[in-house]
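# Working through the structure, step by step
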Amino acid sequence: MLPRCLRALGNPLSIRFQENGILGMIANRHLQFVGINYFSSARTSGTPQGLSLEKCSDKKDTLYKSVEIEIRSGEPAVLLSYEWFTSYAAKQLGITIGKCWAPPKAHHNRLTLLKSIHIYKKHRVQYEIRTYFRHMTYERLTESTLKTFLEYIQRNVPEGVAVKVTKKSVLNLPPSLNDSVRRLSLQ
């Protein structure tokens, strides 16, 4: 039997949105609950099957100017497929997709060893590890949207793929600098 919050989703691979205050409930293909994200601070009534949610805290969301996700693997086709998956998930969540790119060449790591342990120094074997990279940039995100998005894509990472996330947040000026900027602008 599915939990109540997942029964409201219907299709286990769905991302469901509702206009009156909730940004989606997400479940992955293993029917594991991934996340709920909030847009409004008001309690929402009229959600599917009596599911109601409240905002957890009154603190403001952090704004992120951009988030860069770097993925790396030994297989370029897997990276291309995972990039398509993350871009599709971002479109469904309404996230602005920036630049998606890959370096033209893979990173080669070569290791040369002797064929024999003791003698025959002329006979060697060379091993090579190729690592392929892809970079994806997503722009203008809130903290709650980013948490839901990252939780969803990190739970669905294929085997042999590493994910690195770099966030650039938007901050207010400190009060000391804010006063000096006002004085300079008045002069």
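Under the annotation held in an unreviewed UniProt entry, the chain carries the name Small ribosomal subunit protein uS10m and is attributed to Daphnia sinensis. In the Subcellular location (unreviewed entry) part of its UniProt record, the chain is described as follows: "Mitochondrion". Per UniProt, the chain carries the Sequence similarities (unreviewed entry) text "Belongs to the universal ribosomal protein uS10 family."

Another point: the overall build of the chain. A count of helices and strands for the chain gives four helices and eight strands. Ordered by position from N to C terminus, the α and β elements of the chain give α-β-β-β-β-α-β-β-β-α-β-α. Put simply, the chain has 187 residues, and 32% of those count as buried. Accessible surface for the chain amounts to roughly 13,000 Å². Of this, 53% is attributable to carbon and sulfur atoms.

Of all residues in the chain, 69% attain a pLDDT of 70 or more, and the chain-wide mean is 77. With pLDDT under 50 throughout, residues 1-55 is counted as low confidence; its partners more than four residues away or in other chains account for 105 contacts.

Compared with the 26 Å implied by 1.5 Å per residue over 18 residues, the 26 Å span of helix α2 (residues 76-93) between its first and last C-alpha is a close match. Taken together, the buried positions of α2 are occupied by L79, Y82, E83, F85, T86, S87, A89, A90 and L93. Immediately beyond the C-terminal end of α2, within one or two residues, lies G94, with a positive phi of roughly 80 degrees.

Now for the nonpolar core. I69, I71, I95, Y138, L141, F149 and I153 are the most contacted members of the largest nonpolar core, which totals 20 residues. Those elements that place two or more of their residues in this core are β4 (63-73), α2, β7 (124-142) and α3 (143-155). When residues of this core are assigned to their parent elements, the largest contribution, six residues, is made by α2. Contact partners of L141, with chain neighbours within four places excluded, come to T62, L63, Y64, V67, I95 and L146.

Criteria and thresholds
- Residues numbered from 1 in each chain as written.
- Predicted model: local features only at pLDDT ≥ 70, side-chain atom pairs only at ≥ 80, totals over all residues.
- Heavy atoms only, no water.
- UniProt positions renumbered as here; feature names shortened; annotations may be inferred.
- Helix = DSSP H or I, 4+ residues; strand = E, 2+ residues; numbered from the N terminus.
- Buried < 20%, exposed > 50% of the residue type's maximum accessible area, 1.4 Å probe, protein only.
- Areas by Shrake-Rupley, 256 points an atom, 1.4 Å probe, with all protein chains shown as cover.
- pLDDT = per-residue confidence, 0-100.
- Contact = heavy atoms within 4.5 Å.
- Expected span 1.5 Å × (residues − 1).
- Core = buried A, V, L, I, M, F, W, Y, C linked by side-chain atoms within 4.5 Å.

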